[in-house]
Amino acid sequence: RGFTPPAGMPPSEPQKINLHDATVWPQSLWENEGDPDSSVRAGYGLLLAVARDPRALDALTAQIADTHTDVQRRALRNLGLLQSDAARNKLREYMQRKSLLRKTALQGLAAHGEVELIKYISDEDAGVREELAQQLTRFQSRRSAFALVSLLTDRVPSVQHAVLKAVEGWPDDLLLPLLMH
């Protein structure tokens, strides 16, 4: 069921809204950068990323240093939404640091594709490799399956378990060669 126009009124075509156009968003949303509520600050970062606002890269980079970890994590993921080389480089830079947020930076890099993720297959942090298994399974391809073989034979059992859990819904043509390896 949908909207039925009154008698005599022709049906109208639904208007498509370009979410990347900043003018479709209420003006008050653009004033939340320094809001005391961390969820509002994080939402502001998401808005900038979705709208691909020119301020997004700088604002999200600043949010990575926010005092609230949820804002930091969401900023790293939102950098991936920008789909720009500058955002990708910022995420790569973050992966070079010693930080608990590296797994979240990996989630942001997943938006740039499996080739970007495979670079971290030998990461020294088992937690990063576990997250890598999760992110690689988003790409149901032979390239991802090949990378997952390496993680399936990882020296850390939790990484192996992460692979097995992550590939549960994969199609048989990719799953069977992975499990038989």
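About the cut-offs
Just so you know, the residues in each chain are numbered from 1, in the order the chain's sequence is written. The predicted nature of this model means local features are confined to residues of pLDDT at least 70 and side-chain atom pairs, given and counted, to a pLDDT of 80 or more, with totals for whole chains, interfaces and linings taken over all residues. The side-chain values count all of the structure's non-hydrogen atoms but skip hydrogen atoms and water molecules. For helices the rule is a DSSP run of H or I covering at least 4 residues; for strands it is a run of E covering at least 2, with both sets numbered from the N terminus onward. Burial here depends on accessible area, computed with a 1.4 Å probe over protein chains only, as a share of the maximum for the residue type. Under 20% is buried, over 50% is exposed, and the range in between is partly exposed. Any two residues whose heavy atoms approach within 4.5 Å are treated as being in contact. Working definition of accessibility: Shrake-Rupley area with a 1.4 Å probe, residue cover restricted to the visible protein chains. To obtain an axis, a line is fitted to C-alpha atoms, over the contacting stretch when the element is a helix, and the angle between two such axes runs from 0 to 180 degrees between their N-to-C directions. Roughly parallel means an angle under 35 degrees; roughly antiparallel, over 145; roughly perpendicular, 65 to 115; everything else is oblique. Residues are grouped as follows: Ala, Val, Leu, Ile, Met, Phe, Trp, Tyr, Cys and Pro are nonpolar; Asp, Glu, Lys and Arg are charged; every other residue, Gly included, is polar. Each crossing is labelled by how the near helix is turned from the far one, with a counterclockwise turn of less than a right angle marking it left-handed and a clockwise turn marking it right-handed. Remark: nonpolar core denotes a set of buried residues (Ala, Val, Leu, Ile, Met, Phe, Trp, Tyr, Cys) joined through side-chain atoms within 4.5 Å. In what follows, salt bridge is the name for a side-chain nitrogen of Lys or Arg lying within 4 Å of a carboxyl oxygen of Asp or Glu.

1. Topic: the overall build of the protein chain
For the protein chain, the count of helices and strands is 10 helices and zero strands. Counted from the first residue to the last, the protein chain has its helices and strands arranged as α-α-α-α-α-α-α-α-α-α. Looking at the protein chain residue by residue over its 181 residues, the buried ones come to 41%. Contacts spanning at least 24 positions in sequence make up 53% of the contacts within the protein chain whose residues lie at least 6 apart. Counting every atom, the protein chain has about 10,800 Å² of accessible surface; 54% of that belongs to carbon and sulfur.

2. A look at the side chain of Ser38
Note on placement: Ser38 falls in helix α1 (residues 38–51). Owing to a relative accessible area of 15%, Ser38 belongs among the buried residues under this scheme. Excluding residues that lie within four positions of it along the chain, Ser38 makes contacts with His68 and Val71.

3. Remarks on the packing of α1 against helix α3 (residues 69–81)
One can describe the packing of α1 onto α3 by two numbers: an axis separation of 9 Å at closest approach and a directional angle of 5°. By the angle between their directions, the pair α1 and α3 is classed as roughly parallel. Contact residues: α1 offers Ser38, Ser39, Arg41, Ala42, Gly43, Gly45, Leu46, Ala49 and Val50, while α3 offers Val71, Arg74, Asn78 and Leu81. Looking at side-chain class alone, the contact of α1 with α3 contains six nonpolar, five polar and two charged residues.

4. Quick look at the packing of α3 against helix α5 (residues 102–109)
Between α3 and α5, the shortest axis-to-axis distance is 6 Å and the interhelical angle comes to 20°. Accordingly, the angle class assigned to the pair α3 and α5 is roughly parallel. When you trace α3 past α5, the crossing you get is right-handed. Two secondary-structure elements touch here, α3 through Arg73, Leu76, Arg77 and Gly80 and α5 through Thr104, Ala105, Gln107 and Gly108. Along the lines of polarity and charge, the residues of the contact of α3 with α5 split into two nonpolar, four polar and two charged.

5. A look at the nonpolar core
Core analysis: the largest hydrophobic core is formed by 42 residues, its most contacted members being Leu76, Leu79, Leu132, Leu136, Leu148 and Leu151. Of all the elements, helix α8 (residues 142–152) adds the most residues to this core, at six residues. Ignoring any residue separated from it by four or fewer positions in sequence, one finds Leu151 in contact with Ile121, Arg129, Leu132, Ala133, Leu136, Val159, Gln160 and Val163.

6. Observations concerning unusual backbone geometry
In the Ramachandran plot, Arg52 falls in the positive-phi region, its phi being about 50° despite a non-glycine side chain. Locating Arg52 in the fold gives a position in the loop between α1 and α2 (56–63). Taking relative accessible area as the criterion, Arg52 reaches 41% and is therefore assigned partly exposed. In this structure, Gln83 is a non-glycine residue whose phi angle is positive, near 50°. Looking at the element boundaries, Gln83 is found in the loop between α3 and α4 (85–95). A relative accessible area of 44% places Gln83 in the partly exposed class.

7. Describing the pattern of salt bridges
Applying the stated rule across the entire model yields 10 salt bridges. Here Glu116 ties to Arg92 by a salt bridge, and the two come within 2.6 Å at their closest N and O atoms. Of this pair, Glu116 sits in helix α6 (residues 114–118) while Arg92 sits in helix α4, and the two are 24 residues apart along the sequence. With relative accessibility at 3%, the residue Glu116 sits in the buried group. Taking relative accessible area as the criterion, Arg92 reaches 27% and is therefore assigned partly exposed. Note that Arg102 is salt-bridged to Asp123, the shortest N-O span being 2.4 Å. Linking Arg102 in helix α5 with Asp123 in the loop between α6 and α7 (126–136), this pair joins segments that are 21 residues apart in sequence. In terms of burial, Arg102 and Asp123 fall into one category: buried.

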